[in-house]
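# Breakdown of the fold
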Amino acid sequence: MDTLNTLLLGFISIVLINNLVLTKFLGICPFLGVSGRIDMAFGMGMAVTFVVTLSGILTWMIDHFLLKPYDLQVMQYVCFILVIAGAVQLVEMYVRKFFPPLYESFGIFLPLITTNCAILGLCLFINLWEINSLIEAAVLSIGAGVGFTMAICIMAGIRENLNLVDVPKCLRGAPITLITAGLLTMAFMGFSGMIK
Amino acid sequence: MSQTATPALGPTFTAGLWKENPVLRLLLGMCPTLAVTAALKPAITMGGCVIFVLICSNIVVSLMRNLLKPHLRILMFTLTIATFVTIADLILKAFVPDMSAALGPYVPLIIVNCIIICRAEACASKNGLVVSVVDAIGMGLGFTLTLSVLASIREILSTGKLLEVSVMPSGFVPWAAMGMPVGAFITLGLILGLVNIITKKAS
């Protein structure tokens, strides 16, 4: 029961309170780049969720079973980025084989998941928070993906409506998106008192 | 290939400062821009790390540009960058441990900073050593200056101080929100808007 409680709290905290995009500024590039339409945003969120889950679990295992016992933590970053690049390659091949239309519409953004800070960021945070059980690491990884998907979908919804609004000329495009994101983080700050 | 059209060094250097400023004009490297600019000191440290990594990776990429296979090049770039980021991280941990703790995971996150991969791809893999180094210095300085401006605004408004020195009049009430994520997003949004106005006036 106790473990279940910890896992649930961990999940909620990474989705809402420590949302990677809105409080840790990770994954801002796709957040600004892909969030024009809801369906694209959702597809991107799903791809990121998959990659982040896979790489979160793999990097935790590599870190605990290989790097720490042999005192090789200097190699940490190089290993992490290799795992992520491999996972992205896997997703790319899978999507190209089974969902060709989706592959077409993603274009360059699919390989760019490799350089999505949210993924490397989560692997580093798992390491930094000293998560000691594989299940907890897995739950955090999935939660990070869900949080990313949620943030990018909310943003896409707002931006679809933003197209109909008369924004001052100099603020059109990226500036107004950033200001909107700022207001969104303010809303998410309301969650911060939820878990002590 | 580099001998046929070597870009002039002066324009290459100044391009990074304003015309192709990585943050303000190309919207690259947004994560560190937003994350480490709550105060000036971490922002400058971050800028220094990025300059170091950018110069080293541009040198290496430029030297091995004729050996690269197209489908493996991004992987090679990333591995080169990861190596130098590890070096920068160890140097920070050894000499300025408090700064290293304050920056936390954002130092290793330089690996996935789009600016560095973008410069490796757009400049270093096509140009000779000298041009690549000059380009790296220009881009790195442009990035650091932008970070410093953003960090100064946020630090002054959120604490009334700049680098621990009070600069605001005594009756000033600090705006706590400027130190939080909200302040980062909105300040950067407004700065980008301002840059849009300036470029429109100039053209």
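The structure presented is a predicted model; accordingly, all values stated were derived computationally and were not measured.

## What about the overall build of chain B?
In terms of helices and strands, chain B carries eight helices and two strands. Going from the N terminus to the C terminus, chain B shows its helices and strands as α-α-α-α-α-α-α-β-β-α. A compact globule built from 203 residues would reach a C-alpha radius of gyration of about 17 Å, and chain B, at 18 Å, matches this within 12%. With the principal axes as the frame, chain B shows a C-alpha extent of 60 × 45 × 25 Å. Split into buried and exposed, the 203 residues of chain B put 52% on the buried side. Contacts in chain B between residues at least 24 apart in sequence constitute 75% of all its contacts with a sequence separation of at least 6. For chain B, the exposed surface amounts to about 9,000 Å²; the carbon and sulfur share of it is 73%. Side-chain charges in chain B split into 13 positive and 7 negative, and the spacing between the mean points of these groups amounts to 10 Å.

## Quick word on the packing of aromatic side chains
Residue and element names in this part refer to chain A. Enumeration according to the criterion identifies six aromatic pairs over all chains in this entry. With 6.0 Å between their ring centres and 90° between their planes, Trp60 and Phe65 make a pair best called edge-to-face. Classification of Phe65 as exposed rests on a relative accessible area of 55%. When the centroid spacing of 5.1 Å and the interplanar angle of 45° are considered together, the rings of Tyr94 and Phe98 count as tilted. Of this pair, Tyr94 and Phe98 are both found in helix 5 (residues 76-98), four residues apart, which corresponds to roughly one turn of the helix. The class of Tyr94 is partly exposed, set by a relative accessible area of 47%. By the ring-pair criterion, three or more aromatic residues cluster together here, those being Tyr94, Phe98 and Phe99. A cation over an aromatic ring shows up here: Lys97 above the ring of Phe98, its NZ or CZ 5.9 Å from the ring centre.

## Examining the side chain of Ser100 of chain B
In this fold, Ser100 of chain B is placed in helix 5 (residues 97-103). If sequence neighbours within four positions are ignored, Ser100 of chain B has contacts with Leu92 and Lys93 of chain B.

## A few points about the packing of helix 6 (residues 114-124) of chain B against helix 7 (residues 129-159) of chain B
Residue and element names in this part refer to chain B. Relative to each other, helix 6 and helix 7 sit at 150°, their axes nearing to 11 Å. With respect to helix 7, the axis of helix 6 lies roughly antiparallel. Relative to helix 7, the crossing made by helix 6 is right-handed. For the pair helix 6 and helix 7, contact is made by Ile115, Arg119, Cys123 and Ala124 and by Ser132, Asp135, Met139 and Phe143, respectively. Of the residues belonging to the contact of helix 6 with helix 7, the class tally is five nonpolar, one polar and two charged.

## Notes on the pattern of salt bridges
Residue and element names in this part refer to chain B. Inspection of every chain in the model, using the stated rule, returns three salt bridges over all chains. A salt bridge links Asp89 to Lys93, with the shortest nitrogen-to-oxygen separation between them at 3.2 Å. Of this pair, Asp89 and Lys93 both sit in helix 4 (residues 73-95), four residues apart, which is roughly one turn of that helix.

## Topic: the interface of chain A and chain B
Facing 38 residues of chain A, the contacting portion of chain B comprises 36 residues. For the pair chain A and chain B, the summed buried area comes to about 3,100 Å², and 86% of that belongs to carbon and sulfur atoms. The interface formed by chain A and chain B contains zero salt bridges. Taken together, the connections running from chain A to chain B amount to two residue pairs in polar contact (both at pLDDT 80 or more).

## Some details on the side chain of Ser141 of chain A
All names here are of chain A. Tracing the chain through its elements places Ser141 in helix 8 (residues 134-162). Given a relative accessible area of 0%, Ser141 falls into the buried group. Contacts of Ser141, omitting those with residues within four sequence positions, involve Val52, Thr53, Gly56, Ile57, Leu122 and Ile126.

## A few points about empty space enclosed by the protein
Tallied over the entire structure, the rule returns two cavities of 30 Å³ or more. The wall of the largest cavity is formed by Thr59, Trp60, Asp63, His64, Lys68, Phe80, Cys123, Ile126, Asn127 and Ile131 of chain A. The element best represented in the lining of the largest cavity is helix 4 (residues 38-67) of chain A, accounting for four residues. In this structure, the second largest cavity encloses a volume near 30 Å³. Cys117 of chain A together with Cys31, Pro32, Tyr106, Leu109 and Ile110 of chain B are the residues that line the second largest cavity. When grouped by side-chain class, the residues that make up the lining of the second largest cavity number six nonpolar, no polar and no charged.

## Description of unusual backbone geometry
Residue and element names in this part refer to chain A. Look at Phe25: it is not a glycine, yet its phi comes out positive at around 60°. Phi angles above zero are rare outside glycine, and Asp71 is one such case at about 60°. Among the residues examined, Asp71 registers a relative accessible area of 63% and is labelled exposed.

Scoring rules and cut-offs
Residues numbered from 1 in each chain as written. Chains lettered and ligands numbered in written order. Predicted model: local features only at pLDDT ≥ 70, side-chain atom pairs only at ≥ 80, totals over all residues. Heavy atoms only, no water. Helix = DSSP H or I, 4+ residues; strand = E, 2+ residues; numbered from the N terminus. Rg over C-alpha atoms; globule rule 2.2 N^0.38 Å. Buried < 20%, exposed > 50% of the residue type's maximum accessible area, 1.4 Å probe, protein only. Contact = heavy atoms within 4.5 Å. Areas by Shrake-Rupley, 256 points an atom, 1.4 Å probe, with all protein chains shown as cover. Lys, Arg positive; Asp, Glu negative; His and termini not counted. Charge placed at Lys NZ, Arg CZ, Asp CG, Glu CD. Phe/Tyr/Trp six-rings, centres within 6.5 Å; stacked < 30°, edge-to-face > 60°. Lys NZ or Arg CZ within 6 Å of the ring centre and 35° of its normal. Axes fitted to C-alpha atoms, helices over the stretch in contact; angles between N-to-C directions. Parallel < 35°, antiparallel > 145°, perpendicular 65-115°, else oblique. Left-handed = near helix turned anticlockwise from the far one by under 90°. Nonpolar A, V, L, I, M, F, W, Y, C, P; charged D, E, K, R; others polar. Salt bridge = Lys/Arg side-chain N within 4 Å of Asp/Glu carboxyl O. Buried area = accessible area lost by both parts, 1.4 Å probe. Polar contact = N/O pair within 3.5 Å; in protein donor to acceptor, adjacent residues only side chain to side chain. 1 Å grid on protein atoms, 1.4 Å probe; cavity = no way out; pocket = protein on both sides within 12 Å on 5 of 7 lines; lining within 4 Å. Points joined across faces, edges and corners; volume = space filled by probe spheres on them.

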